[in-house]
Amino acid sequence: MIAVLVVTPLLLSSQISTTQAAVKAGAKCSKVGSKSTVGAKTFTCVKSGNKLVWDKGVKVITTTKQSVQSISYANMKKSMLPKPVKNLFRYHYSPNAVKAYQEKIESELNYSMEYWASVYDGTEPFNVFYATEKDMDWLISAWKTYNLDEYGYTAREYKGRLEREGNQLNAGSVPSQQGPSHLSFFVSSTRPIPDSMIPHENVHIVQQQLTKSRTDQMPCWLREGTANLFGNFQIAEKYGLRVYDEAKRSDMNAYQSGSVEIRKFNDSEWFTHLKSLEGNFSGGCDYKYRFAYGTGLLLSEVLMADGGFEKMMDFWRAFSLDVDWRKSFKDIYGIEIDIWYKTKGVPYLMQEYARVKRY
Ligand SMILES: [Zn+2]
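Scanning the protein chain for helices and strands turns up eleven helices and eight strands. Within the protein chain, residue pairs in contact and separated by at least 24 positions form 69% of the contacts whose partners lie at least 6 positions apart.

What follows covers the pairing of strand β6 (residues 126–131). The element β6 is extensively covered by neighbouring structure, given that five of its six residues are classed as buried. When strand β5 (residues 89–93) meets β6, the two strands line up parallel, connected through five bridges. Each bridged residue has a counterpart across the sheet, and for H92 the counterpart in β6 is F129. Traced from β5 through helix α2 (residues 99–114) to β6, the parallel crossover comes out left-handed. One ladder, built from four bridges, connects β6 with strand β8 (residues 183–187); its direction is parallel. Pairing of F129 across the sheet is with S184, part of β8.

Relative to the elements of secondary structure, L109 occurs in helix α2. L109 sits in the buried class, given 23 other C-beta atoms within 10 Å. Between the C-alpha atom of L109 and that of L88, which follows or precedes it by 21 residues, the distance is 9.1 Å. If sequence neighbours within four positions are ignored, L109 has contacts with F89, V128, I198 and N202.

With that settled, the discussion passes to helix α7 (residues 242–253). The first and last C-alpha atoms of α7 sit 17 Å apart over twelve residues, in line with the 16 Å expected at 1.5 Å per residue. Within the sequence span of α7, burial applies to V243, Y244, E246, A247, K248, D251 and M252. Its buried side turned inward, α7 meets α1 (68–79), α6 (220–239), α9 (291–318) and α11 (337–355).

The next subject is the nonpolar core. In this structure, I105, V128, Y130, F186, W221 and F233 are the most contacted members of the largest nonpolar core, which totals 70 residues. It is α9 that contributes the most residues to this core, 13 residues altogether. Not counting residues up to four positions away in its chain, the partners in contact with V128 are F89, R90, Y91, H92, I105, L109 and L183.

Let us now look at the sheet that holds β8. Strand pairing within a sheet occurs via backbone hydrogen bonds; the two strands may be parallel or antiparallel. Strand order in the open sheet formed by four strands is β5-β6-β8-β7, and the pairing between neighbours is mixed. Two strands close off the open sheet at either side, each with one partner strand: β5 and β7 (170–173). Strand-to-strand twist across the sheet, computed as the mean angle between neighbouring axes with direction ignored, equals 10°. Those strands touched by helix α3 (residues 136–145) are β5, β6 and β8, and its axis lies near 170° from that of β6.

This part covers the packing of helix α5 (residues 197–210) against α6. Here α5 crosses α6 at 125°, and the two axes come no closer than 8 Å. The angle between α5 and α6 falls in the class oblique. When you trace α5 past α6, the crossing you get is right-handed. Across the interface between the two elements, P199, H200, V203, H204 and Q207 from α5 touch R223, T226, A227, N228, F230, G231, Q234 and I235 from α6. Grouping the amino acids of the contact of α5 with α6 by side-chain chemistry returns five nonpolar, seven polar and one charged.

Further remarks concern unusual backbone geometry. Notably, N147 is not glycine yet its phi reads approximately 55°, a positive angle. Mapped onto the elements, N147 comes out in the loop between α3 and α4 (153–165). One non-glycine residue, S213, adopts positive backbone phi at about 60°. Looking at the secondary structure, you find S213 in the loop between α5 and α6. For S213, a count of 18 C-beta atoms within 10 Å puts it in the partly exposed group.

This paragraph deals with the confidence of the model for the protein chain. When the pLDDT values of the protein chain are averaged, the result is 88; 88% of them are 70 or greater. This model gives residues 3–21 a pLDDT under 50, and the stretch forms 31 contacts once residues within four places in sequence are excluded.

Next up on the list: the packing of α7 against α9. It is the contact of α7 with α9, at a shortest axis distance of 6 Å, that shows an interaxial angle of 130°. Taken as axis vectors, α7 and α9 run oblique relative to one another. Only Y293, G294 and L297 of α9 make contact with α7, whose side of the interface consists of K248, D251 and M252.

Quick notes on the rules
Residues numbered from 1 in each chain as written. Predicted model: local features only at pLDDT ≥ 70, side-chain atom pairs only at ≥ 80, totals over all residues. Helix = DSSP H or I, 4+ residues; strand = E, 2+ residues; numbered from the N terminus. Contact = placed C-beta atoms within 7 Å. Buried ≥ 20, exposed ≤ 12 C-beta atoms within 10 Å, placed from the backbone. Pairing = 2+ DSSP bridges. Right-handed = clockwise from strand over helix to strand, strands pointing away. Expected span 1.5 Å × (residues − 1). Core = buried A, V, L, I, M, F, W, Y, C linked by C-beta atoms within 7 Å. Axes fitted to C-alpha atoms, helices over the stretch in contact; angles between N-to-C directions. Parallel < 35°, antiparallel > 145°, perpendicular 65-115°, else oblique. Left-handed = near helix turned anticlockwise from the far one by under 90°. Nonpolar A, V, L, I, M, F, W, Y, C, P; charged D, E, K, R; others polar. pLDDT = per-residue confidence, 0-100.

Next up, the structure:
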């Protein structure tokens, strides 16, 4: 439930492929029949009179480009029409909370919620807390007022984060718990709250509502993957499509603090990996190495491309029932989850990871 990715919307991808400058229609070439692809066209070297020149080229058909990603994105855009919403939150700020970030939290949450106007049916204001590294005690007692951290799990987790991260502290979460949850930001006063964080956490609020507080039953690839999917969609709608690619690459690379090189996985290693991401954070889903975030995003893209937005919402809602989610998956998507992993999920993971470079 924790997003710490920083997306810099203005950072442009600078991967411009280098090609032979000379290849263009009418320019000289040296071997008849040879081909060269430049941009969106493939040129063929042809004889013209007694010269060899590149022809006018044919457009490269990129069937893989009408990709899972673009269909998924189009499906979100079609179904998630932003509508004005009333304020759905109750805000709590610690004594040292930075005013500018308070405003950012409020405007970004409101922006994010507009996309969920058709599905979010919570009527109670959802509690949002923002505290800095100096205000841990304030935060814990503020939760107590609403009995939001009954067993102290989140307090323990945040204390650990503070010890490890110090003035780089950057925690935010909607804890998966029975009954009311909350959104809390526990962020160093010297750091801005990352752009990607607020829409991502807002997705968890919607999940919490639609599952009737049973997000702890979701496989973590789904919980984190769809939070990334919709969160990235919303920041891309705001800052431009390129930001989606940036955020996706960052999500996919997030595993690299670990020691496993998932880009070298074969089919069966991927399958084993996916099964391990069916757990939750106290089980097999390893927060530390962040595997669920990138893998989950890719799986969520496939689901969004194939089934669309409404089915995704049906799938989320199914977690509110006392039904094994694997059965719900089959009922909604018409395929056994393990077969879907093997025939849809793994091929897409391998394809996407093959084209993503290291940082
Ligand atoms: Zn999350």
